[in-house]
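# Survey of secondary and tertiary structure
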Amino acid sequence: MSNKPTQPDVMENLSSLLKRRGFIFQGSEIYGGLAGTWDYGPLGVALKNNIKTLWWKRFVDDRDDMYGMDAAILMNQNVWKASGHVGGFADPLVECAKCKRRFRADQLEATLRDKKECPECGGKLGEERQFNMMFQTNVGATQDESSVSYLRPETAQGMFVNFKNVLDTMHPKLPFGMAQIGKAFRNEISPRDFIFRTREFEQMEIEYFVDPANWEETFNHFVKEVHAYTQDVGLPQDKVHEHEIAPGDLAHYSKRTIDFEFDYPFGKTELYGLAYRTDFDLKAHSTASGTDLSYYDEEKKVRFVPHCIEPSFGVDRTVLAVLTSAYTQDELGGEKREYLKLSPAVAPIKVAVFPLLKNKDALTAKAKELHQVLRKEFAKNGSTVEYDTTGSIGKRYRKQDEIGTPFCVTVDFATIEKDGSPVTVRDRDTGAQESVKLDDLVSYLAQKLGR
Ligand code: GAP
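Per chain, residue numbering runs from 1 following the sequence as it is written. Local features in this predicted model are restricted to residues whose pLDDT is 70 or higher, and side-chain atom pairs enter the listing and the counts only when it is 80 or higher, whereas totals over whole chains, interfaces and linings include all residues. For side-chain calculations, the full set of non-hydrogen atoms in the structure is used, while hydrogens and water are omitted.

Another point: the packing of helix α2 (residues 42-61) against helix α8 (residues 215-232). Look at α2 against α8: their axes get within 10 Å of each other, and the N-to-C directions meet at 145 degrees. α2 and α8 meet at a crossing whose hand is right-handed. Residues I51, L54, W55, R58 and F59 of α2 pack against F222, E225, A228, Y229 and D232 of α8. Side-chain classes follow a simple rule in which Ala, Val, Leu, Ile, Met, Phe, Trp, Tyr, Cys and Pro form the nonpolar group, Asp, Glu, Lys and Arg form the charged group, and the remainder, Gly included, forms the polar group. Partitioning the contact of α2 with α8 into residue classes produces 7 nonpolar, no polar and 3 charged. Simply put, an axis is a line fit to the C-alpha atoms, just over the touching stretch for a helix, and the angle between two N-to-C directions goes from 0 to 180 degrees. The helix and strand labels rest on DSSP assignments: H or I over at least four residues marks a helix, E over at least two residues marks a strand, and numbering proceeds from the N terminus. The handedness criterion is simple: a crossing whose near helix is rotated anticlockwise from the far helix by less than a right angle is left-handed, and one whose near helix is rotated clockwise is right-handed. We call two residues contacting when some pair of their heavy atoms lies within 4.5 Å.

Once that is clear, we can look at the domain arrangement of the protein chain. When the domains of the protein chain are assigned, the result is domain 1 (7-73 + 153-323) and domain 2 (349-448). How far each domain reaches was decided by an automatic or database domain assignment. If you average the C-alpha positions of domain 1 and of domain 2, the two centres end up 37 Å apart. The interface of domain 1 with domain 2 comprises 9 residues on the first partner and 9 residues on the second. Of the roughly 710 Å² buried between domain 1 and domain 2 on both sides combined, carbon and sulfur atoms contribute 49%. When the area that domain 1 buries against domain 2 is broken down by residue, the three leading residues are R21, L43 and N50, summing to 52%. By definition here, a salt bridge exists when the distance from a side-chain nitrogen of Lys or Arg to a carboxyl oxygen of Asp or Glu is within 4 Å. The interface formed by domain 1 and domain 2 contains 2 salt bridges. One salt bridge in this structure joins R20 and E402, with 2.8 Å as the shortest N-O distance. Put simply, the parts of the chain that give the side of domain 1 that touches domain 2 at least two residues each are α1 (7-20) and α2. Among the elements that take part in the side of domain 1 that touches domain 2, α2 stands out by supplying 5 residues, more than any other. When the residues that make up the side of domain 1 that touches domain 2 are grouped by side-chain class, the tally is 4 nonpolar, 3 polar and 2 charged. Accessible area, probed at 1.4 Å, shrinks when two parts are joined; the buried area is that loss added up over both.

A cis amide bond, omega -5 degrees, links L174 with the succeeding residue P175. Here P175 is to be found in the loop between α7 (163-170) and β10 (176-185). Although it is not a glycine, K116 sits at a positive phi angle of roughly 55 degrees. For K116, the position within the fold is in the loop between α5 (110-115) and β7 (129-132). Burial classes: relative accessible area under 20% of the type maximum marks a residue as buried, over 50% as exposed, and values in between as partly exposed (1.4 Å probe, protein chains only). The class of K116 is partly exposed, set by a relative accessible area of 30%. In this model, F194 sits at a positive phi of 60 degrees, which is unusual for a non-glycine residue. Inspection of the secondary structure assignment puts F194 in the loop between β10 and β11 (200-210). For F194, a relative accessible area of 11% puts it in the buried group.

Following this line, the structure appears as structure tokens:
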């Protein structure tokens, strides 16, 4: 029976499991770390690749109206002036006069904020000021105003500035979208909750262009598609919520925004955003660059600047939602265990293959042969089929459970007796073992893995 541990313990137990098993490490760990950065290890990157591949499949490969992009991270500084980021991409900052720690004013407890009291040392907090979150750098050998550039704080602008390139080369008809997956950087005042709020993260974004008359219909379509994607990655639907942003709290470019929130162990908070950005960005870039970013509707014989619906997904927040909801503690065969109940669609290792004993040549030869067959069938995008001979069979099962491998296949003496004999397939969640004939194994696993 599943027995969920208390919520703070989940984050501690989970992050230690993820480190121990090669999913996620502290950034620059051997130098004492760098706040707000995390490194994905071999299993973490496989999980992340699965999450990105499922997104690209749903939103790009399976549609006729979407154009993929991979724009540069460094962009002309005028992009960020026109988009409003240089002037307004800021969070309210307060600093304690005594301990010098800095806090995001809007994340302080209301009473402390009113009393201007430091949550760490009780000292006096200074006046609130706006802190711009963009990382500034200089491009080339000259360090002056003209060489200033920024690490992009969102991937979106890389698509707006390529709107005309896509129009001129692909000749799409409205409605159509541009989609991109890539890194974004924000100098967050207080990075927190593991990979939830970091200074370097990845986004999967769509800028979908429509005739303004149709914005609402498209917005509603993407509400459904966002939910469908959360199902693709195996998120429990009762933990995904919609939160309509009040008109007074909307970003400067948005006329309507829904935040998709998730029940993380540390509370219900933002997973994704869906915004109606109107024609704000295309108009702003048209004016600032002097390039016409309008669209000519051949049928209606009218020229206008399209409006934009933007679903924006955080990769790392998806990884965290997937991992926190998959983390499970239970008892199996009278022993306590902790494991990742990952959906097969995202599991880094789809199947593990073992010989029952590692010192019997006939067993290892058959297991290795089977490993190659299964690898051809099930290894994709960094997800693998693993061959393991370390420790006892019980230990191997335990390790595969911890890393979320849905099925383990054991080659034993019965398997090598004659052609077509069975292997034992063990199910991660129940521990149940089933005898499956070698000839039926690929189709059996394909069906179980949902392929
Ligand atoms: N282009 C719109 C945009 O960037 P946003 O709400 O600021 O909107 C979109 O960010 C998504 O990016 C968020 O819903 C979240 O998933 C992810 N995200 C934003 N800031 C993040 C951070 N500091 N760490 C990790 N993910 C972040």
